[in-house]
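The chain contents come next:
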Amino acid sequence: MRAWSPAERARGRKIGFVPTMGFLHEGHLRLVDRAKELADRVVLSIFVNPLQFGPKEDFTKYPRDLDRDRQLAESRGVDCLFVPEAAAMYPDGGQPVARVTGGPAAETLEGAARPGHFSGVLTVVAKLFHLVAPDVAVFGRKDFQQATLVKRMTQDLDFPITIDVFPTVRELDGLALSSRNSYLSPDQRRSAVALSRALRTVEQVWRSGEADAAALQRRGMEVLRAPGVEPEYLTLVDENLQPVARATPRTVAALAARVGATRLIDNVVLGEGVAADPTVRA
């Protein structure tokens, strides 16, 4: 990997990068499409990062299908598939001494629900940035807190990389694409639509003139508390992940909920709407 990128750059080619944990779906492939628009060569990495999983989380059960991923990546025009081994990324027992932390912004929302998660994310992304050395990296907005923290890390550590955040890709009923959707039974899959419906409700109520964040949160939670869904949070924050008292354009409504044993997240940027995001057929 260290040899490939300099060789491509020496030929005058701009490098785009899409980091993933594999089990690719159309959402990942849309990120590849975007990277191809922004760069001459595209690297896609597949690495299920143990550092970002908590002790009670699903690292060993996380879905994996490398053969299928290879086929999908090739069919979408990926130029370099980077699949490092855990022992190469984390030698000496898999516990690096040096880690990247995200400060207070990494301790809210998903950081509060999953302590240490974003330290694992930022550490592996920093390592991948060093190894791949891209000019631009593309992340999905579904993980908007992750994308926000990666953008800040890139600035703070002076990586010469442009971070591009692509809108959430959804199925026709509004459910955000996620590798974890594969865990859902048919009944749970139907229940999971409550997440996007709750966000659409927040968007619609805000468009009708309600700006009080607490009121918008209550309306969204009424929809999120659907049969089979266990809400964890629904909150409104600004682009720096700070809670807001009143919602304005660009305020982010973010939520997390469990559907059965599967934990799902989603968000919407007010003014853009859930329905405005790119969609794919289920």
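Residues numbered from 1 in each chain as written. Predicted model: local features only at pLDDT ≥ 70, side-chain atom pairs only at ≥ 80, totals over all residues. Heavy atoms only, no water.

(A) How the structure looks around the confidence of the model for the protein chain. The share of residues in the protein chain with pLDDT of 70 or more is 97%, and the mean pLDDT across the chain is 94. Here residues 276-282 is a poorly scored stretch, pLDDT under 50, and it has 23 contacts once near neighbours within four places are set aside; other chains count. (pLDDT = per-residue confidence, 0-100. Contact = heavy atoms within 4.5 Å.)

(B) Structural context of the packing of aromatic side chains. In the structure shown here, the tally under the stated rule is five aromatic pairs. Considering the side-chain rings of Phe129 and Phe159, the 5.4 Å spacing of their centres and the 80° angle between planes classify their relative orientation as edge-to-face. In this pair, Phe129 sits in helix H6 (residues 117-132) while Phe159 sits in the loop between helix H7 (144-156) and strand S5 (162-166), placing the two residues 30 residues apart along the sequence. Neither residue differs from the other here; Phe129 and Phe159 are each classed as buried. Connected via pairs of aromatic rings, a cluster forms that spans Phe17, Phe129 and Phe159. (Phe/Tyr/Trp six-rings, centres within 6.5 Å; stacked < 30°, edge-to-face > 60°. Helix = DSSP H or I, 4+ residues; strand = E, 2+ residues; numbered from the N terminus. Buried < 20%, exposed > 50% of the residue type's maximum accessible area, 1.4 Å probe, protein only.)

(C) Local environment of the sheet that holds strand S4 (residues 136-140). Taken in spatial order, the five strands make up an open sheet running S3-S2-S1-S4-S5, and their pairing is parallel. The strands lining the two open edges of the sheet, one partner per strand, are strand S3 (80-82) and S5. Going across the sheet, the axis of each strand differs from the next one's by a mean of 25°, ignoring polarity. Across six bridges, strand S1 (residues 15-20) lies against strand S2 (residues 41-46) in parallel orientation. Within S2, the position partnered with Val18 by the bridge is Leu44. Sitting on the sheet, H6 touches S1, S2, S3, S4 and S5, and the angle it makes with S1 is about 150°. Those strands touched by H7 are S4 and S5, and its axis lies near 170° from that of S5. (Pairing = 2+ DSSP bridges. Axes fitted to C-alpha atoms, helices over the stretch in contact; angles between N-to-C directions.)

(D) Representation of the pattern of salt bridges in the model. As enumerated under the stated definition, the model contains 25 salt bridges in all. Among the salt bridges present, the one from Glu26 reaches Arg76, with a minimum N-O distance of 2.7 Å. Of this pair, Glu26 sits in helix H2 (residues 26-38) while Arg76 sits in the loop between helix H3 (66-75) and S3, and the two are 50 residues apart along the sequence. Judged by relative accessible area, which is 24%, Glu26 ranks as partly exposed. In this structure, the salt-bridge partner of Arg263 is Glu232, at a minimum N-O distance of 2.8 Å. Residue Arg263 is found in strand S9 (residues 262-269), and its partner Glu232 is found in strand S7 (residues 229-237); the two are separated by 31 residues along the sequence. In this structure Arg263 comes out as buried when scored by relative accessible area, which is 14%. We classify Glu232 as partly exposed; its relative accessible area is 34%. What emerges from the salt-bridge pattern is a single network uniting Glu8, Arg11, Arg13 and Arg41. (Salt bridge = Lys/Arg side-chain N within 4 Å of Asp/Glu carboxyl O.)

(E) Representation of the side chain of Ser119. If you trace the backbone, Ser119 turns up in helix H6. Among the polar contacts made by the side chain of Ser119, one reaches the main-chain carbonyl oxygen of Val100 at a distance of 3.2 Å. Setting aside its immediate chain neighbours within four residues, Ser119 contacts Arg99, Val100 and Thr101. (Polar contact = N/O pair within 3.5 Å; in protein donor to acceptor, adjacent residues only side chain to side chain.)

(F) Looking closely at the layout of surface pockets. Computed from the structure, the second largest pocket encloses a volume of approximately 590 Å³. Mapped onto the lining of the second largest pocket, the elements with two or more residues apiece are H7 and S9. Per-element tally for the lining of the second largest pocket: the top contributor is H7, with nine residues. Per-class residue counts for the lining of the second largest pocket are 11 nonpolar, eight polar and seven charged. (1 Å grid on protein atoms, 1.4 Å probe; cavity = no way out; pocket = protein on both sides within 12 Å on 5 of 7 lines; lining within 4 Å. Points joined across faces, edges and corners; volume = space filled by probe spheres on them. Nonpolar A, V, L, I, M, F, W, Y, C, P; charged D, E, K, R; others polar.)

(G) Geometry of the sheet that holds S7. A sheet is described by the order of its strands in space; here three strands give the open sequence S7-S8-S9, paired in antiparallel fashion. In this open sheet, the two edge strands, each paired with only one partner strand, are S7 and S9. The mean angle between the axes of side-by-side strands here comes to 15°, regardless of whether they run parallel or antiparallel. Pairing of strand S8 (residues 252-259) with S9, which is carried by eight bridges, proceeds in the antiparallel orientation. Of the residues in S9, the one forming a bridge with Ala257 is Leu264. The strands that helix H10 (residues 213-224) touches are S7 and S8; relative to S7, the one it contacts most, it runs at about 160°.

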